[in-house]
Amino acid sequence: MSQMLPILLAAAACLHGIVAVKADVCVSPPSAEHCKDYETQFDRVFTVPGDAAVLNCTLASPDVFDLNSTPYNISWYECKTGRELSGEGGQFRVRETSLWLLNSTLEDAGQYECILRTPNGCFKQKSVLRVDPAKAGDCRRPHMAVQSLTTIANGYLVCPLNTYMSLVDSYSIQWYKGCEPVVEGDKFSLMRENKLLLRHVVANDTGHYTCRMTFNLTGTIGHAAETIECNIKDDWNMRPIVYQPMNETVKADYGGHFNKTCRVFVPSKGKLWVDVYWASEEDFISMDLSDRVHQVQLSKQKVNDGVWLEVLINFTKVKEEDFNQTYTCMVFSDKGVVTSIFTLQPSDPNFMIPLALLFVVLTLTFLTSVTAYKIFKIDIVLWCRSYLPYFYTSSGSDGKAYDAYVVYPRMCWNGLHGSAETFVIHTLPQVLEKKCGYKLFIYSRDSLPGEAVVDSVQENICKSRRLMLLYTASTFSELGSPLRFEQEIGMHVALVEGTLQVILVELEEVTDYSLFPESVLHLKSKQGALQWWKTARETTGGPQICPSSRFWKQVRYRMPVKSTPVSSLPKHGCWMFNGP
């Protein structure tokens, strides 16, 4: 009941006002009897004694008649007396559709009627003027406008005298807070459109602000003023900031899933009215989660200085029609609409997987090639020598007479080294000379009778391209062995002069190398030795002289490129490679 009482009192007062207005009979001229009556304007005009007041005739409206094609004129009448207010002299002025009271008094309160006449009709309407005295010592006007500002941000108060400003010849504005004039500075500034700027609004800025206008109307100076009751709200919000998207181009895979988040921050305190939506170029994005393209409200998180909002646009499957389209995140608030966009483009072709596969294939190919080369190196080199001879320099052009000088342990009186001499005199020539086309120098076979041993050895070693050193387990234990002399000369040429390559051949298994010369041990550790004894142990008869067996391939690999053409060599059984 206590809440209803003010409402009932207000309704009664309103009803009393309406009755009072209707009881006040308006004396109209006889010519206005047949005018269409638009009755009394709802808005009242308020002023105080001494200030100007403006009554506006709203009949000059396209809702009443066609303003552009129909001429008209307006007359004003005072309802109490019925006299026409011509606007010539005195305190009344008529300008366009307005009636000015330049210096209002308490007696001027009441109704005023405007009559608008056209060639085809007549219209009339009444306006109500209230003149209320101001309280002594109070600079406020009795009737005030209400405007609100929020703390922290800058704010504007707008002077409600716009109607006056648009009709006068010139004017100036002075603002007051309470009764004190407002001085421009760090706190206040006068802006265009007669706004008063308050910087960094705080609670103490609440109060009454009056804008007082001094104007010139047809040479007459007048005054008008309005008071604003300024309320300061502690709930505030500033213009939203969109952090994502950032007016960018985004790429997605055709046929894949894609989503993008609109991330917004609103600096604020207290209650907040902000809405965030995604829109395409045609319409807002659907909020139905079953649609292929839809939006989802993700979160609304309050922090100390504002609120974070996130809204997701989701493509369950990207189609061709989605590309080259612009999608807009729209943020609606009382500070206006803030937008940010992204454009969806198809992703660039992904070369990473093909490149990775290519890299793997190349790596495997390289490793396989290296492994195969290590395993089949000898076979490959021998094949190339046979079938690609133009890649090699012919050994016949170096001036040498022999492909290899053979150093081997001679057979002694006690029969030692007989098997070695048999290998050198029979097996070695049969394979390397007859089947492979090489030319060997074997001292016991190729030296001239009566020739000096030292001269013959030195001369023929220098004429040879290789030194083939054959030894057994006991070869280097015999101090007087002729092998020692040949070995020393050959090692000198190979190791000191560096003009001769050495091929080491073990004719039998060696377990003790303590008596071997350092030069032989050095070569053995560096390039290894060919082990004939393994071939002799594993095979007997024919396969021992097969050029394509492992042992003979190793020998041929270490021998120089032969100068004898392949076509001139005889064909024998067990022949697998025509080349050396």
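For the structure itself, look to the data block above.
Small disclaimer: the values here were computed from a predicted structure and weren't measured. Note that residues are indexed from 1 along each chain, following the sequence as it is written. Local features in this predicted model are restricted to residues whose pLDDT is 70 or higher, and side-chain atom pairs enter the listing and the counts only when it is 80 or higher, whereas totals over whole chains, interfaces and linings include all residues. Only hydrogens and water are removed before side-chain values are computed, so all heavy atoms of the structure are retained for them.

### Some thoughts on the state of the cysteines
Okay, step 1: Cysteine sulfur atoms are paired as a disulfide whenever they fall within 2.5 Å. Evaluated as defined, the whole model comprises six disulfides.
Okay, step 2: The disulfide partner of Cys57 is Cys114, and the S-S distance across this bridge is 2.3 Å. On the S-S bond that ties Cys57 to Cys114, the torsion sits near 65°, and the link is right-handed. Here Cys114 lies in strand E7 (residues 110–118) and Cys57 lies in the loop between strand E3 (53–56) and strand E4 (73–78), a separation of 57 residues in the sequence. Taken individually, Cys57 and Cys114 each receive the classification buried, so the pair is uniform in this respect.
Okay, step 3: Each sulfur in the disulfide pair Cys139 and Cys179 lies 1.9 Å from the other. Since a negative S-S torsion denotes a left-handed disulfide, the Cys139-Cys179 link at about 110° is right-handed. Here Cys139 is found in the loop between strand E8 (121–131) and strand E9 (144–150), whereas its partner Cys179 is found in the loop between strand E11 (170–177) and strand E12 (180–181), with 40 residues between them in sequence.
Okay, step 4: As a non-bridged cysteine, Cys436 has Cys546 as the owner of its nearest cysteine sulfur, 9.6 Å distant. Counting from the N terminus, the helices are the DSSP runs of H or I reaching at least four residues and the strands are the DSSP runs of E reaching at least two. The cut-offs for exposure are 20% and 50% of the maximum accessible area for each residue type, with area from a 1.4 Å probe on protein chains only; residues under the lower value are buried, those over the upper are exposed, and the others partly exposed.

### A short note on the side chain of Ser189
Okay, step 1: Checked against the element boundaries, Ser189 lands in strand E13 (residues 188–191).
Okay, step 2: Aside from chain neighbours lying at most four places away, what touches Ser189 is Glu184, Lys195, Leu196, Leu197 and Arg199. We call two residues in contact when some of their heavy atoms are within 4.5 Å.

### Points about a nonpolar patch on the surface
Okay, step 1: Residues enter patches when their relative accessible area tops 30% and they take part in no salt bridge; the joining distance is 9 Å for like charges and 5 Å for the nonpolar side chains Val, Leu, Ile, Met, Phe, Trp and Tyr. Note on areas: these come from Shrake-Rupley sampling with a 1.4 Å probe, and a residue is covered only by the protein chains present in the view. In what follows, salt bridge is the name for a side-chain nitrogen of Lys or Arg lying within 4 Å of a carboxyl oxygen of Asp or Glu. Together, Phe351, Met352, Leu355, Leu358 and Leu362 give the surface a local cluster of nonpolar side chains, amounting to about 550 Å² of exposed area.
Okay, step 2: Assignment of secondary structure puts Phe351 in the loop between strand E25 (336–346) and helix H3 (352–387).

### Some thoughts on the pattern of salt bridges
Okay, step 1: Scanning the model with the defined rule gives 20 salt bridges in all.
Okay, step 2: A salt bridge links Asp322 to Arg292; its shortest N-O distance comes to 2.7 Å. On the criterion of sequence distance, the pair formed by Asp322 in the loop between strand E23 (306–315) and strand E24 (325–333) and Arg292 in the loop between strand E21 (274–279) and strand E22 (293–303) is long-range, its members being 30 residues apart.
Okay, step 3: Owing to a relative accessible area of 4%, Asp322 belongs among the buried residues under this scheme.
Okay, step 4: Taking the relative accessible area as the measure of exposure, Arg292 reaches 21% and is therefore partly exposed.

### As for the sheet that holds strand E29 (residues 501–506)
Backbone-to-backbone hydrogen bonds join strands into a sheet, with any given pair of strands oriented parallel or antiparallel.
Okay, step 1: With parallel pairing, five strands are arranged side by side in an open sheet as E27-E26-E28-E29-E30. Two strands close off the open sheet at either side, each with one partner strand: strand E27 (440–442) and strand E30 (530–531).
Okay, step 2: Criterion used throughout: strands pair if DSSP finds at least two bridges between them. Relative to E30, E29 is paired through two bridges, and the arrangement is parallel. Looking at E30, one finds that Val505 is bridged to Leu530.
Okay, step 3: Axis lines are fitted through C-alpha atoms, for helices just across the contact stretch, and the angle between N-to-C directions can take any value from 0 to 180 degrees. Against the sheet, helix H8 (residues 518–527) makes contact with strand E28 (466–471) and E29, and its axis sits at roughly 90° relative to E29, the strand it touches most.

### Observations concerning empty space enclosed by the protein
Okay, step 1: Grid points spaced at 1 Å over the protein atoms alone were grouped into cavities, where a 1.4 Å probe fits but cannot get out, and pockets, open sets with protein on both sides within 12 Å along at least five of seven lines, with lining residues defined by an atom within 4 Å of a point. Grid points are joined across faces, edges and corners, and a volume is the space filled by probe spheres set on the points. Taken as a whole, this structure holds one cavity of 30 Å³ or more when the rule is applied.
Okay, step 2: When its volume is computed, the largest cavity comes out at roughly 100 Å³.
Okay, step 3: In this structure, the largest cavity is lined by 13 residues; those nearest its centre are Phe46, Thr47, Val48, Arg141 and Ala225.
Okay, step 4: Per-element tally for the lining of the largest cavity: the top contributor is strand E16 (residues 220–233), with three residues.
Okay, step 5: Residue classes in the lining of the largest cavity are distributed as eight nonpolar, two polar and three charged. We call Asp, Glu, Lys and Arg charged. Ala, Val, Leu, Ile, Met, Phe, Trp, Tyr, Cys and Pro are nonpolar, and the rest, Gly among them, are polar.

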